[in-house]
Amino acid sequence: KNRATVAPENPINPTFPEVPDLQNMPHPPPNTPRACTSKIPKYLQHRRRKLPRKAREILSAWFESNIADPYPSDDEREELMRTTGLTSKQIHHWFTNRRKRDVKWRAKYLFRGR
């Protein structure tokens, strides 16, 4: 069938059907599953995921044992990568977040210099 015969004609472009009036459409019944209205494709949407518990424990232990200077060198970071199985970027972000969120460390060591 021709698209123009199925739906009313669109005065702007007769080959495309008329666009429905979304303002006057009835609302769906409550608790109806909704289609995803996000414009971002599913594969680009990020979900926050926790790191594995064992990896967090290893990183926390390293942080506590180096509380005066919790900035791992490149060699220390490589060792942490091997023991935790995390990437360098994940380790970098974990330490950045931990230093931001650790109030005791910030109060005691942040302004003394490295």
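Report follows, based on the coordinates.

Basis of the calculations
- Residues numbered from 1 in each chain as written.
- Predicted model: local features only at pLDDT ≥ 70, side-chain atom pairs only at ≥ 80, totals over all residues.
- Heavy atoms only, no water.
- Patch = residues over 30% accessible without salt bridge, like charges linked within 9 Å, V, L, I, M, F, W, Y side chains within 5 Å.
- Areas by Shrake-Rupley, 256 points an atom, 1.4 Å probe, with all protein chains shown as cover.
- Salt bridge = Lys/Arg side-chain N within 4 Å of Asp/Glu carboxyl O.
- Lys, Arg positive; Asp, Glu negative; His and termini not counted.
- Charge placed at Lys NZ, Arg CZ, Asp CG, Glu CD.
- Helix = DSSP H or I, 4+ residues; strand = E, 2+ residues; numbered from the N terminus.
- Buried < 20%, exposed > 50% of the residue type's maximum accessible area, 1.4 Å probe, protein only.
- Core = buried A, V, L, I, M, F, W, Y, C linked by side-chain atoms within 4.5 Å.
- Contact = heavy atoms within 4.5 Å.
- Axes fitted to C-alpha atoms, helices over the stretch in contact; angles between N-to-C directions.
- Parallel < 35°, antiparallel > 145°, perpendicular 65-115°, else oblique.
- Left-handed = near helix turned anticlockwise from the far one by under 90°.
- Nonpolar A, V, L, I, M, F, W, Y, C, P; charged D, E, K, R; others polar.

In this section: a positive patch on the surface. On the surface, Arg48, Lys50, Arg53, Lys100, Arg101 and Arg106 cluster together into a patch of positive charge. Positionally, lysine 50 belongs in the loop between helix H1 (3-6) and helix H2 (53-65). You can call lysine 50 exposed: its relative accessible area is 68%.

Counting residues in hydrophobic clusters, the biggest one holds twelve residues: Leu51, Ala55, Leu59, Trp62, Phe63, Leu80, Leu86, Ile91, Trp94, Phe95, Trp105 and Tyr109. At the level of elements, H2, helix H4 (88-101) and helix H5 (103-109) are the ones that each hand at least two residues to this core. Looking at this core, the element that brings in the most residues is H2, giving four residues. When sequence neighbours within four positions are dropped, the list of residues in contact with phenylalanine 95 reads Leu59, Trp62, Phe63, Pro70, Pro72 and Leu80.

Closest axis-to-axis distance for the H2/H4 pair is 11 Å, and the angle between their directions is 55 degrees. One way to sum up the angle between H2 and H4 is to call them oblique. The element H2 and its partner H4 pack so that their crossing is right-handed. Facing Arg56, Leu59, Ser60, Trp62, Phe63 and Glu64 of H2, the residues of H4 in contact are Ile91, Trp94, Phe95, Arg98 and Arg99. Residue classes in the contact of H2 with H4 are distributed as six nonpolar, one polar and four charged.

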